[in-house]
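# Working through the structure, step by step
Residues per chain are reported as follows:
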There are 4 protein chains.
Amino acid sequence: MQQVLTLNEAQNVRLTCYLYDRSPEYTNLDVRPAILVIPGGGYHMCSDREAEPIALAFAAAGFHAFVLRYSLHHVKPWPAPLADYEQAMETILAHAEEWGVDKERIAVVGFSAGGHLAACAATIAAHKPAAAILGYAVLTAQTSDQCVEGLPAPVDLVDADTAPCFLFATRTDNVVPIRNTLAFEQKLDENGISFESHIYSYGPHGFGNGGAIYNQPPLCPRAGTWMEDSICWLSELWGARTFEGYASPKFGRVYRGDKHAYLSADCSYRHLAAQQGKAQEILKAVFERVETGMRSNVPSSTMKMLEGWTLRELLPLIGFTKEEIDAFDEQLRAVKNAL
Amino acid sequence: MQQVLTLNEAQNVRLTCYLYDRSPEYTNLDVRPAILVIPGGGYHMCSDREAEPIALAFAAAGFHAFVLRYSLHHVKPWPAPLADYEQAMETILAHAEEWGVDKERIAVVGFSAGGHLAACAATIAAHKPAAAILGYAVLTAQTSDQCVEGLPAPVDLVDADTAPCFLFATRTDNVVPIRNTLAFEQKLDENGISFESHIYSYGPHGFGNGGAIYNQPPLCPRAGTWMEDSICWLSELWGARTFEGYASPKFGRVYRGDKHAYLSADCSYRHLAAQQGKAQEILKAVFERVETGMRSNVPSSTMKMLEGWTLRELLPLIGFTKEEIDAFDEQLRAVKNAL
Amino acid sequence: MQQVLTLNEAQNVRLTCYLYDRSPEYTNLDVRPAILVIPGGGYHMCSDREAEPIALAFAAAGFHAFVLRYSLHHVKPWPAPLADYEQAMETILAHAEEWGVDKERIAVVGFSAGGHLAACAATIAAHKPAAAILGYAVLTAQTSDQCVEGLPAPVDLVDADTAPCFLFATRTDNVVPIRNTLAFEQKLDENGISFESHIYSYGPHGFGNGGAIYNQPPLCPRAGTWMEDSICWLSELWGARTFEGYASPKFGRVYRGDKHAYLSADCSYRHLAAQQGKAQEILKAVFERVETGMRSNVPSSTMKMLEGWTLRELLPLIGFTKEEIDAFDEQLRAVKNAL
Amino acid sequence: MQQVLTLNEAQNVRLTCYLYDRSPEYTNLDVRPAILVIPGGGYHMCSDREAEPIALAFAAAGFHAFVLRYSLHHVKPWPAPLADYEQAMETILAHAEEWGVDKERIAVVGFSAGGHLAACAATIAAHKPAAAILGYAVLTAQTSDQCVEGLPAPVDLVDADTAPCFLFATRTDNVVPIRNTLAFEQKLDENGISFESHIYSYGPHGFGNGGAIYNQPPLCPRAGTWMEDSICWLSELWGARTFEGYASPKFGRVYRGDKHAYLSADCSYRHLAAQQGKAQEILKAVFERVETGMRSNVPSSTMKMLEGWTLRELLPLIGFTKEEIDAFDEQLRAVKNAL
């Protein structure tokens, strides 16, 4: 079933919904993951090339797909597009039961200026997506200012609660330079957020799905794999969809918890060792075993590396069991992070 | 735009249409190729698993996609489903301009019993598809009789005017044995029709798009590539879609024209040499050069092989130009084939 | 380590060995599967294009690889090449421990006339390969006669003990017509042998690994996947190689045992029901349950299909456990097949 | 032909050569590209897992392949490994004619500490490779110090003459953190060097070719594509190898020439406009047309973007022909860059 919902008539904001029919043949699919597609166009237009063909590809992979056509700059400037995003998410969540949408598995994919909006959604939205796919996205202040002056720069918004991201771009993009993607990745890394990134050797800005129908050569052939790759990445993050249900995820939303509000076993040993008070108490046995047994037996250069490991990575080396680590984790999650 | 057309209320025949929106951004795509999806189900049901997910995958590849839900056996027996197919094609052709369908590029894909219907379409329909994709299709008398007694056996219907086919199946299918596919290929070969075929090592009947969502293992992983492969095959047959238009086809609908109503340069030398009358006259220079120059210089075993080559393949070896071959072709196409 | 062994100086028979070095880093790889590469050339030459590049691709996939340069027709005619093959296998087997070759996992790959030799190896050799990969192979009497008069036709040699085969060819091959592959597959099917096959839409004879370096276009791009696909097929047949050892095979060497010397649970119900004596005794409970419970409840067309299923496929439907089926299998394997 | 050359007996430095045999069947392949494989192991060992399997994969793709086993830290410390690299390159170059090596197409691939060596080769070696593939490489001072104290940090060595790079790593590498790859990419970008990069979602340090034989799960499946991808990337940089020779490259070694010793049409407009003297003279017509015609008609935000474009990218917009641009390029290349 396909339908177009008008979210805001005056600002011409529309949500096109590509919804799967239900079937008694696959009752295991009454609920499906969803993707919200945000086309680019410099906030001056919403590109059709980054809309329906993208939605259909995710639909073919089993997603309910949605395309958001948001407020353009000359109609209603920022933060109107972010408000449109929030309204789109509210609409999807409100219809989740009716449409069969899995509320925990709604991702967003945005291109260029739409990637700017998707990155803002991933960092500061009230309704954050479970994951964000950012295609040749506008992410630095320098580029966002060239797009529309005064936009927030997503690189400055990344924090420990940012959604996991999949980024792609071409090295030779001369509209949104590769620096946008590199700077954003660095912030994701600093904040311990999970991500994947692909910078392809060559190709123009705005290549969309990479299809020959929409692009004049030259475009690096690998650029055409981002959709398949990002769909696979989502299945690793969310657990792969199988006939019987979801498999275990392959990685978590967070890679390292040092910047989180509360401590956890995902924090690095170094970070935990620098904490005062309660954390010292909880991890007493750990600190003893590391400082006595480990540090004296291991070269100092190796020790430096190991101190950067999370508790989950480090403790098995010195004989703690998964159960013990889980117990530490539970206790630590009640302790505020004193950065 | 998506819509469901009722072709026949009494027999519950419906055509679901997945139509691309037009856009000023890609005026080169005002006209698109189309695929008609025919689900299987032994003529006792129409399987949803072989309907929407298949249509969406072709849509993602740039096709207008259609799903035909045809008359079931207990509602209206054969040849009702074939009549439904004709009606579906008439509907698509009638709306071709409105919807932007390329009339010369409408393919059909059918599964199991739907593959039986698709194969009948490819052989005896009034509105033949430009190409047929046959998935674990019912093609022999033995299997079609087990499905519904009295159905025509597609293997007996293949002739020189059959549409080119792409066939796939698994070796261990115990509902529609692999013999169906093998016997049909043999007939395609005998009649000089172009085809491609993939028989995967293992997997159950009815695996559809091969996705893990719809299938319990075990299924050969290569079985999941048939959609991408068949879409690529269509682009070779039709010419690849590029930004500017269609490239040259990589192969023709016909591989060898010996069974056609009229002669051509696609006939084998052996076949042409056995013709009487007009053909002898047209090809006098060819026969001379082959029989004098070639036959005496080439080992007889090689000569036997070369006699099986088409005129197009053989003549460049003995110095005829493309222009001369085209001229022979034009003259031969006016001469009836005396089999 | 790479070395060339002279198997027969007078006939210029050589075995080039591409052997992996052993390493303390992967003790789980002290024993590896092996591939014996048999290049084509009409028994008039051994093509280098079907030798080293093929061996290196299998080596890259973790195989010890061997290239056999066998007796050419003008030096020593058939059956000399088959004797060379036997000698090559004896050499590999004799050095298996020294080189780290897994004796149970030696496959053969042959091209064109080399495919003829590989198919003879798979059917009538004393040292049969565990699997055979046949590329645009000479398999019918008509084509083998055009190659060298008097060669045996592999299609006539297939029986219930033939090795499992992976076949590939292009539809437009005008040197070894596609009929060779189709006729061989039909015989494999009739004899219940496992196989996989890929007939690609277009491309010339002798395309080897399909690489652009060795081929002038046009060649169907899928033709370049046969190596990866056949390597995957071997891993399905043999069990996938993992860090810890071999996983379970995905399918057996035999698909249906009706033509074997002894009965088994891989025989079809129909075949077993037609046996006299001992088999009747063993399967008494089965026959009763099928003939009373099943036949009366199932439409006769479905029953016809089910009678074609193997015992392993059929018995779970009527409540027999895996253990019971295994017990039947063990008993049946002591009973001669009365065809 | 395979052989092991001892480069330095005392330091146990060896070069293993995997050389293609020549053949009259492919005279177009008398000269082939080459890859020098540098295994990792923290300068404490040379890992076999990053040696022969990698060399064989490149060999399968048509390369002459070489593995360098270099001086280990405890035998002879840095810069001994770099000297070993130079000696390996000298050896290959000295035998180039004999072995059929294309001197302009020798790439290097290094892993972990071997990636450190490869990156030093790409930046400061006397015999720079034509391209460098860096796998989970040690590139920052922090990590190289943990490896062996006092090593140079490749991130500090990047300049405008650095070889183009292909980088890959996994997000969850806890031995060589992803920061190494990110920081190096940033330097490549700042210096205008061409590159490609892939950061896969999850997987351990040291996954080599990604094969299941060498790795215990979990490893992101995309991590196994880096070899195929990097080989394709080399063909884009060098021109694809075809039957007749090399096609045109898809991108150059340099993306933007602002940091080069001499000016060129690969410099950005902004950079050229800031130059004094000779450059002003050469580009007088350009500056006029941009400053009069272009700047007044284009929004200032767009103008800022366009000033960052290279002359080659910008001039076609205002009507200069390829010939005119080439003429500017030739003149500019004689002018020193006044940074």
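Rules used throughout
- Residues numbered from 1 in each chain as written.
- Chains lettered and ligands numbered in written order.
- Predicted model: local features only at pLDDT ≥ 70, side-chain atom pairs only at ≥ 80, totals over all residues.
- Heavy atoms only, no water.
- Helix = DSSP H or I, 4+ residues; strand = E, 2+ residues; numbered from the N terminus.
- Buried < 20%, exposed > 50% of the residue type's maximum accessible area, 1.4 Å probe, protein only.
- Lys, Arg positive; Asp, Glu negative; His and termini not counted.
- Salt bridge = Lys/Arg side-chain N within 4 Å of Asp/Glu carboxyl O.
- Polar contact = N/O pair within 3.5 Å; in protein donor to acceptor, adjacent residues only side chain to side chain.
- Contact = heavy atoms within 4.5 Å.
- Least-squares fit on C-alpha atoms with pLDDT ≥ 70 in both.
- Nonpolar A, V, L, I, M, F, W, Y, C, P; charged D, E, K, R; others polar.
- Pairing = 2+ DSSP bridges.
- Buried area = accessible area lost by both parts, 1.4 Å probe.
- Axes fitted to C-alpha atoms, helices over the stretch in contact; angles between N-to-C directions.
- Parallel < 35°, antiparallel > 145°, perpendicular 65-115°, else oblique.
- Left-handed = near helix turned anticlockwise from the far one by under 90°.

### Remarks on the side chain of E52(A)
- Mapped onto the fold, E52(A) is located in helix α1 (residues 52–60).
- No salt bridge is formed by the buried E52(A). Its closest oppositely charged neighbour is R32(B), at 6.1 Å.
- Of note is the side chain of E52(A), whose polar atom sits 3.1 Å from the side chain of Y18(A).
- Once you skip the residues sitting within four places of it in the chain, E52(A) turns out to touch Q2(A), Y18(A), V67(A), M1(B), L19(B), Y20(B) and D21(B).

### Considerations on the relation of the copies chain A and chain B
- Of the transformation superimposing chain A on chain B, the axial component is 0.0 Å and the angular component is 180 degrees, with the fit at an RMSD of 0.0 Å. Interpreted geometrically, this transformation is the action of a two-fold axis. No C-alpha of chain A approaches the rotation axis more nearly than that of Q2(A), which lies at 2.9 Å.
- An overlap of 100% is found between the interface residues of chain A and their copies at the interface of chain B, pointing to a shared contact surface.

### Considerations on the interface of chain A and chain D
- Contacts between chain A and chain D engage 40 residues on the former and 40 residues on the latter.
- Linking chain A with chain D are 8 salt bridges.
- Here R222(A) and E236(D) are joined by a salt bridge, their closest N and O atoms 2.8 Å apart.
- Among the elements of the structure, α5 (141–147), α6 (179–190), β8 (195–200), α7 (226–238) and α11 (300–307) of chain A are those that each provide at least two residues to the side of chain A that touches chain D.
- Looking at the side of chain A that touches chain D residue by residue, the class counts come to 17 nonpolar, 10 polar and 13 charged.
- Bridge analysis of β8(A) against strand β8 (residues 195–200) of chain D gives 3 bridges, and the strand direction is antiparallel. In the strand pairing of β8(D), S197(A) is matched with I199(D).

### Focus: the arrangement of the chains
- At the level of C-alpha atoms, the two units chain A and chain C stay apart, their nearest approach being 14 Å.
- Across the gap from chain B to chain D, with no contact made, the nearest C-alpha atoms are 14 Å apart.

### Here we look at the interface of chain A and chain B
- The interface of chain A with chain B comprises 33 residues on the first partner and 33 residues on the second.
- Approximately 2,700 Å² of surface area, both sides summed, lies buried where chain A meets chain B, with 54% of it carried by carbon and sulfur atoms.
- By the criterion of area lost to chain B, the three top residues of chain A are E25(A), I213(A) and F243(A), representing 23% of everything that side buries.
- Joining chain A to chain B, the criterion identifies 0 salt bridges.
- If one sorts the elements of the side of chain A that touches chain B by residue count, α1(A) sits on top with 6 residues.
- Of the residues in the side of chain A that touches chain B, the class split is 18 nonpolar, 7 polar and 8 charged.

### Some words on unusual backbone geometry
- Cis geometry is adopted by the peptide bond preceding P218(A), which originates at P217(A) and carries an omega value of 5 degrees.
- Positionally, P218(A) belongs in the loop between β8 and α7.
- The omega torsion of the bond from W78(D) to P79(D) falls at 10 degrees, within 30 degrees of zero and hence cis.
- Relative to the helices and strands, P79(D) resides in the loop between β4 (64–69) and α2 (80–94).
- For S112(B), which is not glycine, the phi dihedral falls at a positive 55 degrees.
- Tracing the backbone shows S112(B) in the loop between β5 (101–111) and α4 (113–124).
- Its identity as a non-glycine residue notwithstanding, N12(D) has a phi of 55 degrees, on the positive side.
- Structurally, N12(D) is set in the loop between β1 (2–8) and β2 (13–18).
- Look at N12(D) and you get partly exposed, because its relative accessible area is 44%.

### A short note on the pairing of strand β2 (residues 13–18) of chain B
Residues and elements named next belong to chain B.
- The buried count for β2 comes to 5 of 6 residues, which makes it a mostly enclosed element.
- One ladder, built from 6 bridges, connects strand β1 (residues 2–8) with β2; its direction is antiparallel. Each residue of the ladder has a partner; that of Q2, found in β2, is Y18.
- Note that β2 and strand β4 (residues 64–69) share 5 bridges and pair antiparallel. By the bridge assignment, R14 is partnered in β4 with R69.

### Some words on the packing of helix α2 (residues 80–94) of chain A against helix α4 (residues 113–124) of chain A
Residue and element names in this part refer to chain A.
- Running from amino to carboxyl end, α2 crosses α4 at an angle of 65 degrees, the nearest separation of the two axes being 10 Å. Classed by the angle they form, the pair α2 and α4 counts as roughly perpendicular. Our pair here, α2 against α4, has a crossing hand that is right-handed. Contact residues: P81, L82 and Y85 in α2; L117, C120, A121 and I124 in α4.
- Of the residues contributing to the contact of α2 with α4, the split by class is 7 nonpolar, no polar and no charged.

Functional significance is not addressed by these values, which are geometric in nature.
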